[in-house]
Amino acid sequence: MSPRTNQMLTCREMVELVSDYLEGRLDDPDRERFEEHVAECDACTLYIEQMRMTIAALGHIPTETVSAEAERELLDAFRDWSSTRS
Amino acid sequence: MPEEEAARREAQGSGGAPDADAQLLDRLRQGDEDAFRELLREQGPFLMRLVMMHVPSRGVAEEVVADTWEAVLNGLDRFEGRSSLRTWIASIALNKARTRGKREGRIVPFALLRRRYEEGGGPAVDPDRFQGRRGERPGWWASPPVAWEEPERQLEAAETRDVMLRAIRDLPPRQREVITLRDLLGWESDEVCNALDLTETNQRVLLHRARSKVRAAVEEYLEPKAEEASR
Ligand SMILES: [Zn+2]
């Protein structure tokens, strides 16, 4: 008898769980089932890797810059603000 | 105010806003220009990115950012430090961006389709890519993902970055907000929950939908041939 086989997650279920897995939000039994599938499925391994890479790549996109002009205007606004309240 | 209430607020304040925030706030309230310059340097770039993701153009984004700073200054005396300064500023900016986005017709063409996917509805991956009930292994991949060529290099390329940013801009608003804060700006999940007033679970569901769609957009961009071959 092999209850594990019955419980095996499908790929379709796997792709719904990737963020829970990456965020460490699966409890131990679920994480084991998740990893059990990964061990057996190259396509899901690749899928998870691509998710990881995509997330990392998003983190590498530089933030916007604030133009010197905008900064000057904001500083003026700050001066106005502080002068009206003192 | 009863003592416990004061203590509770105190505890929340120190949890959300670190000492650095408190010191900066004091200096700001005293009209210290250097403090404001520091605040701009620290929060300006993220604020611009955050707003840019929610409005149609850089010009509009700059206006929204200026409005946000105005609101920040006007609210500075009332800010209790119950969340971090950054969280507070982000929620002000998002409120303004939402209003502005609506007015500018940012809510783009596929409003109907978009509404269907609102708040995390819909599967992470197109169901057609999995085997049906009569398949050899139901629920397993029918057209599995294909490895990307030189993924590290391609993912850092300007064109791919555009594809990812465009995919994020096309997301329903809540998903867009969550992935912008979490993955583009690198915020922790509790801070995002705080800024967007979401539960942790809800936040994760939205994040997952958003990430899945961005990955799919990258896939479509990097692997158009694989798509055709699977048809
Ligand atoms: Zn699989």
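In this text, all values refer to a predicted model and were calculated from it rather than measured experimentally.

*Asks:* Would you mind showing me how to read the overall build of chain A here?
*Replies:* Counting its secondary structure elements, chain A contains 5 helices and 0 strands. If you list the helices and strands of chain A from N to C, you get α-α-α-α-α. Each of the 86 residues in chain A was classed as buried or not, and the buried ones make up 37%. Nonlocal contacts in chain A, meaning residues at least 24 apart in sequence, comprise 63% of its contacts between residues at least 6 apart. For chain A, the exposed area adds up to about 4,900 Å²; of that, 48% sits on carbon and sulfur atoms. Distance between charge centres in chain A, computed from 9 positive and 19 negative side chains, equals 4 Å.

*Asks:* How should I be thinking about the coordination of the zinc ion in this particular structure?
*Replies:* Ideal donor angles around a metal are set by the shape: a four-donor tetrahedron calls for 109.5 degrees, a six-donor octahedron for 90 or 180 degrees. All names here are of chain A. C11 (SG), H37 (NE2), C41 (SG) and C44 (SG) make up the full set of protein donors to the zinc ion, lying at 2.0 to 2.4 Å. For the zinc ion, the 4 donor atoms are set out with angles of 105 to 111° between them, so the coordination reads as tetrahedral. The motif formed by the donor residues of the zinc ion, counted along the single chain, is C-x25-H-x3-C-x2-C. Here H37 and C44 have matching classes, each one buried.

*Asks:* I keep staring at the environment of S83 of chain A and nothing clicks. Help me out?
*Replies:* With respect to the element layout, S83 of chain A can be found in helix 5 (residues 68–85). It is 50 Å that separates the C-alpha atoms of S83 of chain A and R25 of chain A, two residues lying 58 residues apart in sequence.

*Asks:* For this particular structure, what's the right way to read the interface of chain A and chain B?
*Replies:* Interfaces are often sized by the accessible area lost when the parts come together. Of the residues lining the interface, 44 residues belong to chain A; the matching set on chain B comes to 61 residues. Carbon and sulfur atoms make up 62% of the area that chain A and chain B hide from each other, which totals about 4,600 Å². Broken down residue by residue, the surface that chain A buries against chain B is led by L58, E64 and F78 of chain A, which jointly contribute 15%. Seen at the junction of chain A and chain B, the total is 10 salt bridges.

*Asks:* Which parts of the structure should I look at to understand the domain arrangement of chain B?
*Replies:* Residue and element names in this part refer to chain B. Once the domains are mapped, chain B shows domain 1 (2–103) and domain 2 (111–230). Residue-level contacts link 16 residues of domain 1 with 15 residues of domain 2. Taken together, both faces of the contact between domain 1 and domain 2 bury some 1,400 Å²; the carbon and sulfur share is 61%. At the junction of domain 1 with domain 2, the criterion picks out 2 salt bridges. E191 is the salt-bridge partner of R86, the closest N and O atoms lying 2.7 Å from each other. There are 6 residue pairs in polar contact (both at pLDDT 80 or more) connecting domain 1 and domain 2. Of all the secondary-structure elements, those providing two or more residues to the side of domain 1 that touches domain 2 are helix 3 (33–52) and helix 5 (85–103). With 6 residues, the top contributor of residues to the side of domain 1 that touches domain 2 is helix 5. Residues belonging to the side of domain 1 that touches domain 2 are distributed by class as follows: 8 nonpolar, 5 polar and 3 charged.

Each value, and the rule that gives it
Residues numbered from 1 in each chain as written. Chains lettered and ligands numbered in written order. Predicted model: local features only at pLDDT ≥ 70, side-chain atom pairs only at ≥ 80, totals over all residues. Heavy atoms only, no water. Helix = DSSP H or I, 4+ residues; strand = E, 2+ residues; numbered from the N terminus. Buried < 20%, exposed > 50% of the residue type's maximum accessible area, 1.4 Å probe, protein only. Contact = heavy atoms within 4.5 Å. Areas by Shrake-Rupley, 256 points an atom, 1.4 Å probe, with all protein chains shown as cover. Lys, Arg positive; Asp, Glu negative; His and termini not counted. Charge placed at Lys NZ, Arg CZ, Asp CG, Glu CD. Donors = N, O, S within 2.8 Å, 3.2 Å for Na, K, Ca; no water. Tetrahedral: all angles 85-135°; square planar, octahedral: opposite > 155°, others 65-115°. Buried area = accessible area lost by both parts, 1.4 Å probe. Salt bridge = Lys/Arg side-chain N within 4 Å of Asp/Glu carboxyl O. Domains from an automatic or database assignment. Polar contact = N/O pair within 3.5 Å; in protein donor to acceptor, adjacent residues only side chain to side chain. Nonpolar A, V, L, I, M, F, W, Y, C, P; charged D, E, K, R; others polar.

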